[in-house]
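Here is how the chains run, residue by residue.
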Amino acid sequence: MKNKSLNIVFGTLMVVALIAGVVLVGQNQNTQRGAYFSGTKMFIMPEEITGTVGTNVVAQLFLDTEKAAKVSAVDVVVCYGDGLEINATNPESQVILNTEALKDLVDVSLETVNGKRCVRIIALAGATMKPASLKSGLIRVANIRFKATKAATGVVSVLPGRAKIGGYNPAAGATDNSIKVSSAAGAKYTITGGATAGSCGWCGLECVRKTPNMQCTAIAPPEGKVCVEVNNQCVIRDSAPTGTEPTGTEPTGTEPTGSEPTGTEPTGVLGDDSYLGFKMAFYGVRGDALCADPEKLPLTVTVRSNGGVVKTYNNIVSTKVNSSGDVGMYQVKMRLDGFGYRDGVAVFIKSPKSLQVKYGVNNQSAYYGMAGGELSGLTSDETSTPMFDFTKYPLLSGDVTGPNQVQDGVIDGLDFSYIKTESIKRTEVASGGYMSADMNGNCKMESQDVANMMLSLSVKQGQLY
Amino acid sequence: MNKNNLLKYLVPVVAVIVLAESVVLISQLKGKPLNQSKQEGENQVGEVVDNLEETRSGDEVYQIELTADATEYKVGQVGKVEVKMLGKIDKSLDSINVYVKYDPNMFEVNELKFDDRLPAPVFSKVSTLRGLLVANFLISDPKGLELSANDQLTLMTFNMKAVKTGNYDFEISTGKEMKESATMIVENGSGKPVSFSSNKLTVKVIE
């Protein structure tokens, strides 16, 4: 009797187990709740942001997802320092979402995190966006437009611990939709006081370093004299006789034609060959970049006098000044054979990966769109000629190819396609190596090279149009 | 006796069923493998190269057409212009850089818009300085922007208001005046420019 009861109990248990098993098989079992299904990097571009007081400076927020993970939601906190402001009453107006990737800007709010001012951005792809339309890989999330309110330096950074990235997990029955933020890189910014603050100029009859609120008597400066900066001092020099500035020959991004004089040769100013000294930088290339050797980045330097005399010097090898820090600095001191002009000089510099850039003033920090140049004080002595500082306006990278597979002086779709294709390969080379599409000289091909190029294009187009 | 026999057979039957359930359960847990977009991208390169071979017949691959919503406008009247791109074969693109020439002394142009299928342009502007409408589309997706044959893409639309009478043109810039303003379509994979043809849109403005 007892055995029979036991048998019945066991039998009932087994039947129950059988039914439970059938029910269980019919349901999806996922033991990975709360895990990430992929990872992503976050970074701010450009790596070096510059601006002047009173203007807007833009920081672009990027994601670079692994394994082509598709992004459907972003909740990030971006912090910034002094000199930058976001409108407290309407912060949304200063966050421009990339609606191609995320349709809905759900919330933008300001907060303070560990004493830092931050902006939290929450955005969704939107209910109408199907998984196939979600973006993956390198994604620009948004542009954050800060107002530059005072001269300052600082960092715009992403807080990785506060970042939540949601995505679409294509695994059947998956419930893990989180993407882990594996790294977050910020950007340094430098805000300088107004466009003319700190430049040498006439204040009445005096040649001084001007400030925005300086009061000066409204009289013409002395004839035949110019007020220029030489070795960080404001000095008065004799002005070069002005020939007619050739119109239409001023390069705006294209190399000046030829190396022979294109205007009437002024008399009375030619002396022995001048020496030119300058420090410069390549956009996005840090001091510790291991694949940005000067020998691999020979420069083409063109000088132009106010009278229109042009000379070009090829294969100029610079000297790397630093091996650490955020900005790689390169120095050149060269003799200008056949060019004896001392004042009113403009310098054009180009490299194998960069567009030509015009430098018209010392300490230039923005596009110089004026005719001629104001670089002065050159001497025929290598030791006394001034060392101009062009590092605050680095060469724009991205011109790496053209229709004939050589540099063509234009950053366009051909350059983008080449750099993008190379970045997909994720090639790495040893220290000291060279890859033409390695925009930041860090010896590896990655999405940051593509981002650098896209920024260069945007900046250049803004100058041209 | 019968009940005992029943129980005797039930145990092994249940055991077999549980085993079978376990096998089914484990195989369901594996799920479908993630797509390897990198592999897809590599495959796409091969396909694109094959297509490129087919197009070397001299025919333009794309036709860029400028159309207006009317043939004639009065001074001050606002019209709409569309710039569309029609392809003859399947292609995947890495970038589309469009430059449309116009006379800023004759037209006020605004409301520049683009097809939803295109990514937000890296740069776009109505440049009165250069007399150009500019839009630069760079496609980050490793596969590029996949377009089928006969797929029509609206590169841009804009409103224009004529300010003077006469016949005026809108046309695609090919970079003759300024090489930076060359309209260009670049193919994914090969990184080569793709040929295109375009029309000139003449707008008549009357009093």
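These numbers were taken from a predicted model, which means no experiment stands behind them.

Quick notes on the rules
- Residues numbered from 1 in each chain as written.
- Chains lettered and ligands numbered in written order.
- Predicted model: local features only at pLDDT ≥ 70, side-chain atom pairs only at ≥ 80, totals over all residues.
- Heavy atoms only, no water.
- Helix = DSSP H or I, 4+ residues; strand = E, 2+ residues; numbered from the N terminus.
- Buried < 20%, exposed > 50% of the residue type's maximum accessible area, 1.4 Å probe, protein only.
- Salt bridge = Lys/Arg side-chain N within 4 Å of Asp/Glu carboxyl O.
- Disulfide = S-S within 2.5 Å.
- Phe/Tyr/Trp six-rings, centres within 6.5 Å; stacked < 30°, edge-to-face > 60°.
- Contact = heavy atoms within 4.5 Å.
- Buried area = accessible area lost by both parts, 1.4 Å probe.
- Polar contact = N/O pair within 3.5 Å; in protein donor to acceptor, adjacent residues only side chain to side chain.

J.: How would you summarise unusual backbone geometry if you had to cite specific residues and measurements?
T.: Leaving glycine out, the prevailing phi sign among residues is negative, and the prevailing peptide bond configuration is trans. In this structure, the amide linkage connecting Met45 of chain A to the following residue, Pro46 of chain A, adopts the cis form with an omega of -5°. Inspection of the secondary structure puts Pro46 of chain A in the loop between β1 (36-45) and β2 (48-52). One non-glycine residue, Arg426 of chain A, adopts positive backbone phi at about 60°. The topology assignment puts Arg426 of chain A in the loop between α2 (413-425) and α3 (447-464). Under the relative-accessibility criterion, Arg426 of chain A is labelled partly exposed at 41%. The backbone phi angle of Asn150 of chain B is positive, close to 65°, even though this residue is not glycine. As for its position among the elements, Asn150 of chain B is in the loop between β8 (145-147) and β9 (152-162).

J.: Describe the pattern of salt bridges, and please don't skip the residues or the numbers.
T.: All names here are of chain A. Across all of its chains, the model carries 22 salt bridges over all chains by this definition. The closest approach of N and O atoms between Glu111 and Arg162, which form a salt bridge, is 2.8 Å. Of this pair, Glu111 sits in strand β7 (residues 104-113) while Arg162 sits in the loop between β11 (152-158) and β12 (164-168); the two residues are 51 residues apart in sequence, bridging distant segments of the chain. Among the residues examined, Glu111 registers a relative accessible area of 23% and is labelled partly exposed.

J.: Summarise the state of the cysteines; cite the residues concerned and give the values.
T.: By definition, a disulfide links the sulfur atoms of two cysteines through a covalent bond. Residue and element names in this part refer to chain A. Evaluated as defined, the whole model comprises 2 disulfides over all chains. The partner cysteine of Cys79 in its disulfide is Cys118, sulfur to sulfur 2.0 Å. Residues Cys79 and Cys118 share a disulfide whose torsion about the S-S bond is about 90°; that sign makes it right-handed. Taken together, the residues Cys79 in strand β4 (residues 70-80) and Cys118 in strand β8 (residues 116-124) connect sequence positions 39 residues apart. The pair Cys79 / Cys118 is uniform in exposure class, with both members buried. Residue pairing for Cys291: its cysteine sulfur links by disulfide to Cys443, the two sulfurs lying 2.0 Å apart.

J.: Hey, could you go over the packing of aromatic side chains for me, with residue numbers and the actual values?
T.: Residue and element names in this part refer to chain A. Enumeration over the complete set of coordinates arrives at 15 aromatic pairs over all chains. Judged by centre distance (6.3 Å) and plane angle (80°), the ring pair of Tyr359 and Tyr393 falls under edge-to-face. With a gap of 34 residues between them, Tyr359 in strand β25 (residues 357-359) and Tyr393 in the loop between β26 (387-389) and α2 connect regions that are remote in the sequence. No difference in accessibility class separates Tyr359 from Tyr393, as the two residues are buried. Site record: aromatic cluster; members linked through ring pairs are Phe278, Tyr359, Phe388, Phe390 and Tyr393.

J.: Please set out the interface of chain B and chain A residue by residue, giving values where relevant.
T.: It is common to give the size of an interface as the accessible area that goes away when the parts come together. On the chain A side, the residues contacting the 49 residues of chain B number 43 residues. For the chain B and chain A pair, buried surface summed over both sides reaches about 3800 Å², with 66% attributable to carbon and sulfur atoms. At the surface where chain B touches chain A, the tally comes to 1 salt bridge. A salt bridge links Asp94 of chain B to Lys420 of chain A; the shortest N-O distance between them is 2.5 Å. The tally of links from chain B across to chain A stands at 12 residue pairs in polar contact (both at pLDDT 80 or more). Here the side of chain B that touches chain A takes 10 residues from helix α1 (residues 2-30) of chain B, the largest share from any one element.

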